[in-house]
Amino acid sequence: MLIALSLFCGGWVKGVFGMGLPTVSLGLLSLTMPPVEAATLIVVPTLATNACQFATGPQPVSVAARFVVLLI
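Bear in mind that the values here come from a model prediction, so they are computed numbers and not experimental data.

Conventions and cut-offs
Residues numbered from 1 in each chain as written. Predicted model: local features only at pLDDT ≥ 70, side-chain atom pairs only at ≥ 80, totals over all residues. Heavy atoms only, no water. Buried < 20%, exposed > 50% of the residue type's maximum accessible area, 1.4 Å probe, protein only. Helix = DSSP H or I, 4+ residues; strand = E, 2+ residues; numbered from the N terminus. Arc of directions from axis to C-beta. Contact = heavy atoms within 4.5 Å. Axes fitted to C-alpha atoms, helices over the stretch in contact; angles between N-to-C directions. Parallel < 35°, antiparallel > 145°, perpendicular 65-115°, else oblique. Left-handed = near helix turned anticlockwise from the far one by under 90°. Patch = residues over 30% accessible without salt bridge, like charges linked within 9 Å, V, L, I, M, F, W, Y side chains within 5 Å. Areas by Shrake-Rupley, 256 points an atom, 1.4 Å probe, with all protein chains shown as cover. Salt bridge = Lys/Arg side-chain N within 4 Å of Asp/Glu carboxyl O.

### Side note on helix H2 (residues 21-29)
Moving on, step 1. Among the residues of H2, those classed as buried are Leu21, Ser25 and Leu29. One side of H2 holds all its buried residues, which, seen down the axis, span an arc of 35°.
Moving on, step 2. At its buried positions, H2 is contacted by helix H1 (2-17), helix H3 (35-41) and helix H4 (43-56).

### Description of the packing of H1 against H2
Moving on, step 1. In contact at an axis separation of 8 Å, H1 and H2 are set at 150° when each is read in the N-to-C sense. With respect to H2, the element H1 is oriented roughly antiparallel. At the point where H1 passes H2, the crossing takes the right-handed sense. Of the residues in H2, those touching H1 at Leu2, Ile3, Ser6, Leu7, Cys9, Gly10, Gly11, Val13 and Lys14 are Leu21, Val24, Ser25, Leu28 and Leu29.

### A look at a nonpolar patch on the surface
Moving on, step 1. A cluster of nonpolar side chains, namely Leu5, Phe8, Trp12, Val16 and Phe17, defines an oily patch on the protein surface of about 610 Å² accessible area.
Moving on, step 2. If you trace the backbone, Phe8 turns up in helix H1.
Moving on, step 3. The exposure class assigned to Phe8 is exposed, which follows from its relative accessible area of 56%.

Here it is as structure tokens:
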């Protein structure tokens, strides 16, 4: 329940301010577990929210073309 609540709070902060999922979630999760475990739990939600923002942003194909070297 704590994991879901911390990810929800982090997602809410990211939705409102555009950043903050790893910071908020890691801070809340590290209150009850070691930071290494907390960091492993937030990798997938962080990637998912970044992919969502990329896909719904303006001109994702041109952005991907600009950063193709970094993506490889």
